[in-house]
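# Topology and contacts: notes
Below, each chain spelled out in residue letters.
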Amino acid sequence: MDRLVITGCKPLEGEARVSGAKNATLPILAACLLTDESCLVRNVPHLHDVTTSIALLSGMGVRVTLSDGMGVEVDASAVDNVHAPYDLVKTMRASILVLGPLVARFGEAEVSLPGGCAIGSRPVNLHIDGLTAMGADIRVENGYIRARAGRLKGARIVLETVTVTGTENLMMAATLAEGTTVIENAAREPEVVDLAHFLNRMGARVQGAGSDTLVIEGAKRLHGTDYEVMPDRIETGTYLVAGAITGGRVTLKNVRHGTLDAVLAKLEEAGAGLAYGEHSITLDMRGRRPRAVDIRTAPYPAFPTDMQAQFMALNTVAEGASTMIETVFENRYMHVQELERMGADIRVQGNVAVVRGVERLTGAPVMATDLRASAGLVLGALVAEGETEVDRIYHIDRGYECIEEKLGQLGARIRRIPE
Ligand code: EPZ
């Protein structure tokens, strides 16, 4: 398995470009199943999860061709099976996003249960309950979700928990249902809004995206379109923290303002100066040590759980103590024991972590366990004294395009050791 070797203690300076959003690309690629016309999806990040999605769609008979730059042409006119196999789904839970589109367009689907992952049990009961409410007959057997339906019918669905991919699956399914679907307590994440924009460009009628109530008028069919995926707000936040933790000055280009305000507010609270260009953000820490900031994760627009590990790294070297509360996933502190190996002072009790800032972290061999935990370890390594080796970085490659090139552009001393 590839490893990253990082030599810390150097303030980052320079510019890097943010890639397309992984968590908008994955549902948008799945949404291409809703039409027999070709769709061109642009600004697609080159990530392992995107490669997995393409393999999943191709296995169904979808023609996927990479077009110039970061474009992907998707043609689902010749789908010959509705099967999402375990060996692919187990590597990427977001494969569940083909369920709604398959049932809506083909009246059937056979999708492996995603199973849990390092950060939690990750159930999909709300996806299944919502499709059942729309008239699908769903059985879960032998580790697979087997769905059958005539034309889905619009329904009023109240989600008991805010679920991002659950909202996305049901919104996609509703675009071809007969009548109107109302989804209450819907996720408000910017990636959900990006998907809604894509669907409406395909001729769907989705209203309320970005609010907690979606109203979708079903259509008989959708048509192809050409769409540019939004920039990745979590990648943006991660590189801003890289600038903050090293006391440096970084500028990120191709940023979508208004998608990570809760993160920016916490960076300012930590003492960072922020300046805004039309599509850029510059963070300047002016060589200062960050101040400790309390964090409580929650669904958008609150502080994103996908930025928790990154801010824990920042807090480990901050001035003062901080309390971090993870309310979305039950086991999203896998990075704690690895940061402790670097000298961090963290106490975890249930979903609460108390972090006491230390003067310095020290480099150590550490192991990545999940995508955002790995990002937290890389950030710790950037500020640690000496050399850190981050193992199992396939986790990172799932969600960060060319991480060593981008951090290298910002002056980090980082190299990949292929295994
Ligand atoms: C999406 O996961 C993201 N993934 C995650 O990003 C992100 O951390 C998460 O939303 C929260 O923002 C993609 O968009 C591909 P949820 P998702 O359903 O949709 C419970 C990353 O790092 N729940 O919003 O799987 C669930 O257990 C990844 O890029 C049910 O109980 O998360 C959790 O406690 C990690 N039943 C809560 O809802 C369900 O049917 C939120 O999960 C579905 C979810």
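Residues numbered from 1 in each chain as written. Predicted model: local features only at pLDDT ≥ 70, side-chain atom pairs only at ≥ 80, totals over all residues. Heavy atoms only, no water.

- Per an unreviewed UniProt entry, the protein chain goes by the name UDP-N-acetylglucosamine 1-carboxyvinyltransferase and belongs to Candidatus Macondimonas diazotrophica.
- Of the protein chain, the UniProt comment under Pathway (unreviewed entry) reads exactly: "Cell wall biogenesis; peptidoglycan biosynthesis."
- Among the UniProt annotations of the protein chain, the heading Subcellular location (unreviewed entry) holds the following wording: "Cytoplasm". (UniProt positions renumbered as here; feature names shortened; annotations may be inferred.)

### Overview of the overall build of the protein chain
- Across its full length, the protein chain holds 14 helices and 24 strands.
- Here the C-alpha atoms of the protein chain give a radius of gyration of 21 Å, agreeing with the 22 Å that 2.2 N^0.38 yields for 419 residues.
- On the principal axes, the C-alpha backbone points of the protein chain span a range of 65 × 45 × 40 Å.
- Here the protein chain holds 419 residues, and 58% of them are scored as buried.
- At a minimum sequence separation of 6, the contacts of the protein chain that also span at least 24 residues come to 74%.
- Split by element, the accessible area of the protein chain, about 15,600 Å² in all, is 49% carbon and sulfur.
- When the 43 positive and 53 negative side-chain charges of the protein chain are each reduced to one mean point, those points stand 1 Å apart. (Helix = DSSP H or I, 4+ residues; strand = E, 2+ residues; numbered from the N terminus. Rg over C-alpha atoms; globule rule 2.2 N^0.38 Å. Buried < 20%, exposed > 50% of the residue type's maximum accessible area, 1.4 Å probe, protein only. Contact = heavy atoms within 4.5 Å. Areas by Shrake-Rupley, 256 points an atom, 1.4 Å probe, with all protein chains shown as cover. Lys, Arg positive; Asp, Glu negative; His and termini not counted. Charge placed at Lys NZ, Arg CZ, Asp CG, Glu CD.)

### Structural notes on helix α9 (residues 261-269)
- Along α9, the residues classified as buried are Val 263, Leu 264, Lys 266 and Leu 267. Taken down its axis, α9 places every buried residue within 160° of arc, on the same side.
- Residues of α9 that are buried make contact with α8 (233-245), β16 (273-277), β17 (280-284), β18 (295-296) and α10 (308-316).
- The first or second residue beyond α9 is Gly 271, which carries a positive phi of 105°. (Arc of directions from axis to C-beta.)

### Thoughts on the pattern of salt bridges
- For the structure shown, the criterion picks out 27 salt bridges.
- A salt bridge links Glu 108 to Arg 148; its shortest N-O distance comes to 3.9 Å. Placement of Glu 108 in strand β7 (residues 108-112) and of Arg 148 in strand β9 (residues 144-148) is noted, with a sequence separation of 40 residues between them.
- On the accessibility criterion, Arg 148 (39% relative accessible area) is partly exposed. (Salt bridge = Lys/Arg side-chain N within 4 Å of Asp/Glu carboxyl O.)

### What to know about the site of the ligand
- The full set close to the ligand counts 22 residues, and Leu 126, Thr 163, Thr 165, Asp 306 and Val 328 are the nearest of them.
- Take Leu 126: an N or O atom from its main chain is 2.7 Å from an oxygen atom of the ligand.
- Contact between the ligand and Thr 165: an oxygen atom at 2.6 Å from a side-chain N or O atom of the residue.
- A total of 820 Å² of accessible area belongs to the ligand in isolation, and the protein chains cover 87% of it.
- Sorting the residues of the shell around the ligand by element identifies α1 (22-31), α5 (125-133), α6 (164-174) and α12 (371-383) as the ones contributing at least two each.
- The residue inventory of the shell around the ligand, partitioned by class, reads nine nonpolar, seven polar and six charged. (Near = heavy atom within 4 Å. Polar contact = N/O pair within 3.5 Å; in protein donor to acceptor, adjacent residues only side chain to side chain. Nonpolar A, V, L, I, M, F, W, Y, C, P; charged D, E, K, R; others polar.)

### Some remarks on the UniProt feature "active site" (unreviewed entry) in the protein chain
- Under the UniProt annotation, the feature "active site" (unreviewed entry) is placed at Cys 117.
- In this fold, Cys 117 is placed in the loop between β7 and α5.
- Among the residues examined, Cys 117 registers a relative accessible area of 33% and is labelled partly exposed.
- Contacts of Cys 117, omitting those with residues within four sequence positions, involve Arg 93 and Arg 122.

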